[in-house]
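Working through the structure, step by step
Here is what each chain is made of, one letter per residue.
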Amino acid sequence: MQTNTFFSTSLEKTLVSILGNSVKIIDINRITGGDINDAFELTLNDGSQLFMKCNKKDNISFFHTEAAGLKAIAQTNTIRTPHILSIGTEDSSVGCSFMLLEFIKEKRRISNYWETFAHQLAAMHQAPIENFVPAGSYGFMENNYIGASPQINSAHQSWTSFFRDCRLEPQLKAAEHYFHANDLKKFIRLLDQTDYFLKEPEHPSLLHGDLWSGNVITGNDGRAWLIDPAVYVGHAEADIAMTELFGRFPQTFYEAYQEVSPLQPEYERRRDLYNLYHLLNHLNLFGAAYLASVKRILGKYIP
Ligand code: ADP
């Protein structure tokens, strides 16, 4: 991305409108760690920092939906998320969309960091969901993205049918070309039996939706903050399952979570099926490196 051209136009105007006429960007540093967007730390002439993500202009809906997710989590008053300062597009030939967020400055973690985070997450999972979906249903008020893939959130009265129709099936359709006929038959049987393998929750929960360790960062209060969500209302155990997909959180996290909100019996039998959604998504976004893991889980449920 041609950052010099980009930073000279709409972004400067946006900063002036948010922070006043005297504001200037004095330093820009690229931040790595994300999968989808270009990310930057902007340092302003008053010494403060802002966080900015950029993508192609056509992808501005990534940022609108991410902002809706951050706001939904913030509404539960349980876990901190960065404030959203602005979303916009830059109109020069570079043609980018951007989102400006409060910069999360990492501080030393509080001593009971994982227990506190677990209790906060359990509270988020128990928060009222009526602002996000019609009572008693699963989904979200708008579709959003999981990484760069569309994520359909149309309201369903049953969690198991929501997970089949809006999570597994669309990812599977997008990945069809990776599979031989025999595996596709197994997938059809898996979809037919989703309500046998999964379980309705005791209550619907607002989920982060993409809860791996890279999306939990330590804020200036020494506690965990959530970033980059793919929120929807679903079964809380889908969030917990994802924390186990790419290396688990420390055991103290799981013990503390269950003090507040015990997992339903046989969660472990459902865990890989939830994570099949994310692995299919990785297969679709990043390629065949994820095929073996997808097939292993498929074979586990449909031998
Ligand atoms: P992507 O949308 O590309 O996945 P992320 O939201 O994961 O990007 O952000 C990329 C990196 O930037 C993260 O790994 C994180 O360390 C850092 N980051 C994200 N949001 C902030 C923020 N508000 N303040 C400071 N650093 C952030």
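Located above this text is the structure these notes cover.
Parameters and conventions
Residues numbered from 1 in each chain as written. Predicted model: local features only at pLDDT ≥ 70, side-chain atom pairs only at ≥ 80, totals over all residues. Heavy atoms only, no water. Helix = DSSP H or I, 4+ residues; strand = E, 2+ residues; numbered from the N terminus. Lys, Arg positive; Asp, Glu negative; His and termini not counted. Charge placed at Lys NZ, Arg CZ, Asp CG, Glu CD. Buried < 20%, exposed > 50% of the residue type's maximum accessible area, 1.4 Å probe, protein only. Arc of directions from axis to C-beta. Contact = heavy atoms within 4.5 Å. Pairing = 2+ DSSP bridges. Axes fitted to C-alpha atoms, helices over the stretch in contact; angles between N-to-C directions. Near = heavy atom within 4 Å. Polar contact = N/O pair within 3.5 Å; in protein donor to acceptor, adjacent residues only side chain to side chain. Areas by Shrake-Rupley, 256 points an atom, 1.4 Å probe, with all protein chains shown as cover. Domains from an automatic or database assignment. Patch = residues over 30% accessible without salt bridge, like charges linked within 9 Å, V, L, I, M, F, W, Y side chains within 5 Å. Salt bridge = Lys/Arg side-chain N within 4 Å of Asp/Glu carboxyl O. Expected span 1.5 Å × (residues − 1). Phe/Tyr/Trp six-rings, centres within 6.5 Å; stacked < 30°, edge-to-face > 60°. Lys NZ or Arg CZ within 6 Å of the ring centre and 35° of its normal. Parallel < 35°, antiparallel > 145°, perpendicular 65-115°, else oblique. Nonpolar A, V, L, I, M, F, W, Y, C, P; charged D, E, K, R; others polar.

1. So, the overall build of the protein chain
Counting secondary structure elements, the protein chain contains 11 helices and 11 strands. If one aligns the C-alpha atoms of the protein chain with their principal axes, the spans along those axes are about 65 × 45 × 35 Å. Counting 27 positive and 34 negative side-chain charges, the protein chain places the averaged centre of each group 3 Å from the other.

2. Comments concerning helix α9 (residues 251-260)
Within α9, the full set of buried residues consists of Phe 253, Tyr 254, Ala 256 and Tyr 257. The arc enclosing the buried residues of α9, seen along the axis, measures out at 165°, which places them on a common side. Its buried side turned inward, α9 meets α4 (113-126) and α8 (236-243).

3. Quick word on the sheet that holds strand β2 (residues 38-44)
Strands in a sheet are paired, the pairing made by backbone hydrogen bonds, and the direction either parallel or antiparallel. With respect to topology, 5 strands assemble into an open sheet ordered β1-β2-β3-β5-β4, the strand pairing being antiparallel. Lying at the two open borders of the sheet, with one neighbouring strand each, are β1 (25-31) and β4 (84-89). The average angle at which neighbouring strand axes cross in this sheet is 25°, direction not considered. When β2 meets strand β3 (residues 49-56), the two strands line up antiparallel, connected through 6 bridges. The partner of Leu 42 across the bridge, within β3, is Leu 50. Together, β1, β2, β3, β4 and β5 (96-102) form the strand contacts of helix α2 (residues 10-19), whose direction differs from that of β5 by roughly 30°.

4. Some remarks on the site of the ligand
Taken together, 16 residues sit near the ligand, with Asn 37, Lys 53, Glu 102, Ile 104 and Asp 228 positioned nearest. A distance of 2.9 Å separates an oxygen atom of the ligand from a polar backbone atom of Ile 36. Side-chain polar atom of Lys 53 to an oxygen atom of the ligand: 2.7 Å apart, as the coordinates give it. Summarising the interface, the protein chains cover 90% of the accessible area of the ligand, which totals 550 Å² for the free molecule. Shared between two domains, the shell around the ligand takes at least three residues from each, and those domains are domain 1 (3-102) and domain 2 (113-301).

5. Considerations on a nonpolar patch on the surface
Together, Ile 18, Leu 19 and Leu 85 make up an exposed nonpolar region whose accessible area comes to about 220 Å². Here Leu 19 lies in helix α2.

6. As for helix α6 (residues 181-192)
Here α6 contains 12 residues, and its C-alpha end-to-end distance of 17 Å stays within 8% of the 16 Å for a straight helix at 1.5 Å per residue. Here α6 has its buried residues at Asp 183, Lys 186, Phe 187, Leu 190 and Leu 191. Down the axis of α6, the sector holding all buried residues measures 140°, keeping them to one side. Residues of α6 that are exposed and point over 90 degrees away from its buried face: Ala 181, Asn 182, Lys 185, Ile 188 and Asp 192. Here the buried face of α6 lies against α5 (159-175), α7 (194-197), α10 (267-286) and α11 (291-301).

7. Focus on the side chain of Thr 78
Following the sequence through the fold, Thr 78 ends up in the loop between α3 (60-75) and β4. Classification of Thr 78 by relative accessible area gives buried; the value is 15%. For Thr 78, the side chain forms a polar contact with the side chain of Thr 76, separated by 2.7 Å. Ignoring anything within four residues of it in the chain, the contact list for Thr 78 reads Gln 120, Ala 123 and Met 124.

8. Some words on the pattern of salt bridges
Tallying each qualifying case throughout the model produces 10 salt bridges. Here Lys 295 makes a salt bridge to Asp 183, at a shortest N to O gap of 3.5 Å. Highlighted residues: Lys 295 in helix α11 and Asp 183 in helix α6, separated in sequence by 112 residues. Residue Asp 183 is classed as buried on the basis of its relative accessible area of 13%.

9. With respect to the packing of aromatic side chains
Given two aromatic rings, their pairing is described by the distance between the two centres and the angle made by the two planes. Summed over all chains, the structure comprises 22 aromatic pairs. Pairing Tyr 196 with Phe 197 gives two aromatic rings, centres 5.1 Å apart and planes at 65°, and the pair type is edge-to-face. Among the aromatic side chains, those forming a connected cluster through ring pairs are Tyr 113, Trp 114, Phe 117, Phe 249, Phe 253, Tyr 254 and Tyr 257. Sitting over the ring of Tyr 232, Arg 167 keeps its end group 4.1 Å from the ring centre. We note Arg 248 situated over the ring of Tyr 254; from NZ or CZ to the ring centre the distance is 4.1 Å.

10. Here's the deal with the packing of α8 against α9
The description of two packed helices rests on the angle between their axes and on the distance between the axes. Relative to each other, α8 and α9 sit at 170°, their axes nearing to 12 Å. Classed by the angle they form, the pair α8 and α9 counts as roughly antiparallel. Across from Ala 236, Ile 240 and Thr 243 in α8, the residues of α9 making contact are Phe 253, Tyr 254 and Tyr 257. Tallied by class, residues from the contact of α8 with α9 come to 5 nonpolar, 1 polar and no charged.

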